[in-house]
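# Topology and contacts: notes
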Amino acid sequence: MVFPMVLLRLADWVLYQLLANSCYRAARKMKSYGLHLGYLSPKPPHQPSSLPSITKCDLEGRGSQTLACDIHRVLLRSHSFFPYYMLVAFEGGSIFRALLLLLSCPVLWILDHELKLRVMTFITFCGLRISVMESMSRAVLPKFYLENLNPHAYEVLASAGSKVVFTSVPRVMVEGFLKEYLSVGAVVGTELHTVGCYFSGLLSGSGLLVKHRAVKDYFGDTEPDIGVGSSSVHDHLFLSLCKEAYVVNNEEGKGNPSSVLPRDKYPKPLIFHDGRLAFLPTPSATLYLFMWFPIGILLAIYRILLGILLPYGSAMTLGVWSGINLHVKGSGPEKSEQNKGVLYVCSHRTLLDPVFLSTCLAKPLTAVTYSLSKVSELIAPIRTVRLTRDRKQDGDTMQRLLREGDLVVCPEGTTCREPYLLRFSSLFAELADEIVPVAINTHVSMFYGTTASGLKCLDPIFFLMNPRPSYYIEVLGKVPRELTCAGGRSSCEVANYIQKQLADALGFECTTLTRRDKYLMLAGNEGIVQEDKWRKCY
């Protein structure tokens, strides 16, 4: 009888906290704010502040000073941290965890700030592996943080010599980004309780971080030189402990293009990132996602069947009618050498690159790849051949395939989502004199069709689930013979020349990064599939 009584008391406490206590707070807010319904939004109420705006801060001579600030509503332009919880729930957890978090929105709306964070934290982190969260903070979240970085707050942060961030959101969600991209020295945030190698979903014994107390504990009797906070009443105590205080008013930047940090101003280039979602999952955007999901699956199956069952012309026409944006420039050259095919050298955006090229050229092509799932191999409407990463064996295989017909190769060896080209392998340059570079780029609005740590067999499906995925294909002119190995150039010179030619056509930047670099950053391995999926955690 003891255990049922404990459950009843726990249920009674939860009902009190989530219903009675929260409804009482909501009623008090309505009474205090009267008919000002804007205050019922997720944003905390503001009051006119006598503190100067962040735009008034002088950036000169700050190299020896210490700055204290928050990431939520200060360094980031977005008012709510819900989208970042949703990213962790969807990418690190599952679609069911993400759905549960979405369904909690009506309850979150009536909760106060502390209970709201506790509920979102519990739904997002309960049962989540610590290693998964570490991967999320390294590979998924930085992209969205950079895209929402407040340029004025970042300039002030970058001007300070020592930087400390105090935040009430879980430290594990922001520490990796702040230290890696913004060179923050210390991050003090809410700590989460763990059981073994899993999060329990509860806060640690210290509870939710209170900023002004954390500043006192961290600095002691010393006052930070600069404090940056929001215009919320919650930040006033924190800012009163700083020698200089400034506030960020995100309302001023709405609709102003200068409020978005340009890509070339990023503190560190964003070349690699992982995850399926291509948009910031606000509550409304996430609702649209779940409404579209079943339709997207059916649409992806329909588009796959078009490529498998129909001739090139019909497949392209019906594919465009289904919403695929296809932009094609140039055409395939005629073969000048007898008994040898043309080698098409492509930039690599998704596994579907050779398929779309074959469809646009209306000719059968053979694609060589280092890693291809059985599912992708099964649904591919063109011939695919696996390579072994043994240079001599792969060279012999490609020579044989060129004697049989035209061949497609992606010398980067892996995909890259951002406007960069990875280092080209020079093997292809040693095998053919008939080389045709093909510039390929894609655009998606909902799902990325690539992954480093997820199931690669779903890559084509996720790409084709987008409402209007775009493919840009430009077939460039054949490389002059004098610029190939037959003309006396080395294979590395040929590879670098073609990489530069493709980068210029796409407006991309060339890098020396490789497939190994990508997987070490995003997945913590060298891109080799682990046989043991249930690894012991340490």
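Residues numbered from 1 in each chain as written. Predicted model: local features only at pLDDT ≥ 70, side-chain atom pairs only at ≥ 80, totals over all residues. Heavy atoms only, no water.

## What about the overall build of the chain?
- A count of helical and extended segments in the chain gives 20 helices and 16 strands.
- Classification of the 538 residues of the chain by burial places 50% in the buried group.
- Per element, the accessible surface of the chain, about 26000 Å² overall, is 58% carbon and sulfur. (Helix = DSSP H or I, 4+ residues; strand = E, 2+ residues; numbered from the N terminus. Buried < 20%, exposed > 50% of the residue type's maximum accessible area, 1.4 Å probe, protein only. Areas by Shrake-Rupley, 256 points an atom, 1.4 Å probe, with all protein chains shown as cover.)

## A few points about the packing of aromatic side chains
- Under the criterion given, the structure shown has 15 aromatic pairs.
- Relative to Tyr84, the ring of Phe81 lies with its centre 4.8 Å away and its plane at 50°, an arrangement referred to as tilted.
- Residue Phe81 is classed as buried on the basis of its relative accessible area of 3%.
- Ring-pair connections join several aromatic residues into one group, and the members of that group are Phe81, Tyr84, Tyr85, Tyr145, Phe177 and Tyr181.
- The ring of Tyr181 carries the charged tip of Lys268 above its face, separated from the ring centre by 5.3 Å.
- Its end group placed over the ring of Tyr448, Arg417 keeps NZ or CZ at 4.0 Å from the ring centre. (Phe/Tyr/Trp six-rings, centres within 6.5 Å; stacked < 30°, edge-to-face > 60°. Lys NZ or Arg CZ within 6 Å of the ring centre and 35° of its normal.)

## Observations regarding the sheet that holds strand E7 (residues 244-248)
- The sheet built from five strands is open, its strands ordered E3-E2-E1-E6-E7 with parallel pairing. Two strands close off the open sheet at either side, each with one partner strand: strand E3 (186-190) and E7. Recorded for the sheet is a direction-independent mean angle of 20° between the axes of neighbouring strands.
- Where strand E6 (residues 226-230) lies against E7, five bridges are found, and the strand directions are parallel. In the sheet register, Gly229 faces E7, and the bridge partner there is Val247.
- Seen against the sheet, helix H9 (residues 151-159) touches strand E1 (66-69), strand E2 (162-170), E6 and E7 and runs at an angle of roughly 145° to E1. (Pairing = 2+ DSSP bridges. Axes fitted to C-alpha atoms, helices over the stretch in contact; angles between N-to-C directions. Contact = heavy atoms within 4.5 Å.)

## Observations concerning the environment of Lys340
- Mapped onto the secondary structure, Lys340 falls in the loop between strand E8 (325-329) and strand E9 (343-346).
- Separated by 92 residues in the primary sequence, Lys340 and Ala432 place their C-alpha atoms 8.7 Å from one another.
- From its side chain, Lys340 meets the backbone oxygen of Leu431 in a polar contact 3.0 Å long. (Polar contact = N/O pair within 3.5 Å; in protein donor to acceptor, adjacent residues only side chain to side chain.)

## Section: the nonpolar core
- Leu75, Met173, Leu178 and Leu357 are the most contacted members of the largest nonpolar core, which has 113 residues in total.
- Filtering out sequence-adjacent residues up to four positions away, Leu75 remains in contact with Cys69, Asp70, Asn148, Leu149, Asn150, Ala153, Leu157, Val165, Leu178 and Leu182. (Core = buried A, V, L, I, M, F, W, Y, C linked by side-chain atoms within 4.5 Å.)

## Some remarks on the sheet that holds strand E15 (residues 470-475)
- Pairing is mixed across the open sheet formed by seven strands, whose spatial order is E8-E15-E14-E9-E12-E10-E11. Taken across any chain shown, the strands that pair with only one partner, and hence form the sheet edges, are E8 and strand E11 (383-386). Adjacent strand axes in the sheet meet at a mean angle of 25°, parallel and antiparallel pairs treated alike.
- Where strand E14 (residues 435-443) lies against E15, six bridges are found, and the strand directions are antiparallel. Residue pairing for E15: Thr442 is matched across the bridge by Tyr471.
- In this fold helix H15 (residues 353-361) packs onto E8, E9, strand E10 (366-369), strand E12 (407-409), E14 and E15, with an angle of close to 65° to the strand it touches most, E15.
- Here helix H17 (residues 391-404) sits on the sheet in contact with E9, E10, E11 and E12, set at roughly 160° to E11.

## So, empty space enclosed by the protein
- Taken as a whole, this structure holds two cavities of 30 Å³ or more when the rule is applied.
- Considering only enclosed or pocket space, the largest cavity measures out at about 60 Å³ in volume.
- Of the residues contributing to the lining of the largest cavity, the split by class is five nonpolar, four polar and three charged. (1 Å grid on protein atoms, 1.4 Å probe; cavity = no way out; pocket = protein on both sides within 12 Å on 5 of 7 lines; lining within 4 Å. Points joined across faces, edges and corners; volume = space filled by probe spheres on them. Nonpolar A, V, L, I, M, F, W, Y, C, P; charged D, E, K, R; others polar.)

## Observations concerning unusual backbone geometry
- Although it is not a glycine, Ala362 sits at a positive phi angle of roughly 55°.
- Looking at the secondary structure, you find Ala362 in the loop between H15 and E10.

## Overview of a nonpolar patch on the surface
- A cluster of nonpolar side chains, namely Ile297, Leu298, Ile301, Leu305, Ile308, Leu309 and Leu310, defines an oily patch on the protein surface of about 620 Å² accessible area.
- Residue Ile308 is classed as partly exposed on the basis of its relative accessible area, which comes to 40%. (Patch = residues over 30% accessible without salt bridge, like charges linked within 9 Å, V, L, I, M, F, W, Y side chains within 5 Å. Salt bridge = Lys/Arg side-chain N within 4 Å of Asp/Glu carboxyl O.)

## Considering the pairing of E10
- With burial as the criterion, each face of E10 is covered, one bearing Thr366 and Val368 and the other bearing Ala367 and Thr369.
- Pairing of E10 with E11, which is carried by four bridges, proceeds in the parallel orientation. Across the sheet, residue Val368 finds its bridge partner in E11, namely Val385.
- With two bridges connecting them, E10 and E12 associate as parallel partners. Pairing of Ala367 across the sheet is with Val408, part of E12.

## Description of the confidence of the model for the chain
- When pLDDT is averaged across the chain, the result is 86; 86% of the residues are at 70 or more.
- Every residue in residues 1-8 scores below 50 in pLDDT, and together they form zero contacts with partners more than four places removed in sequence or on other chains.
- Within the model, the stretch residues 529-538 combines pLDDT values under 50 with four contacts to residues more than four positions away or in other chains. (pLDDT = per-residue confidence, 0-100.)

## Re the packing of helix H4 (residues 95-103) against helix H13 (residues 283-309)
- Contact pair H4 / H13: the axes reach a minimum separation of 11 Å and the direction vectors enclose 130°. Taken together, the axes of H4 and H13 lie oblique to each other. Judged by the twist between their axes, the crossing of H4 over H13 is left-handed. Contact residues: H4 offers Ile95, Ala98, Leu99 and Leu102, while H13 offers Pro283, Thr286, Leu287, Phe290 and Phe293.
- Looking at side-chain class alone, the contact of H4 with H13 contains eight nonpolar, one polar and no charged residues. (Parallel < 35°, antiparallel > 145°, perpendicular 65-115°, else oblique. Left-handed = near helix turned anticlockwise from the far one by under 90°.)

## Remarks on helix H20 (residues 515-522)
- Among all positions in H20, only Arg515, Lys518, Tyr519 and Leu522 are buried. Relative to the axis of H20, the buried residues are bounded by an arc of 90° and lie together on one face.
- Turning to H20, the residues buried within the fold contact helix H7 (130-139).
- The positive-phi residue at the C-terminal boundary of H20 is Gly524, with phi of around 75°. (Arc of directions from axis to C-beta.)

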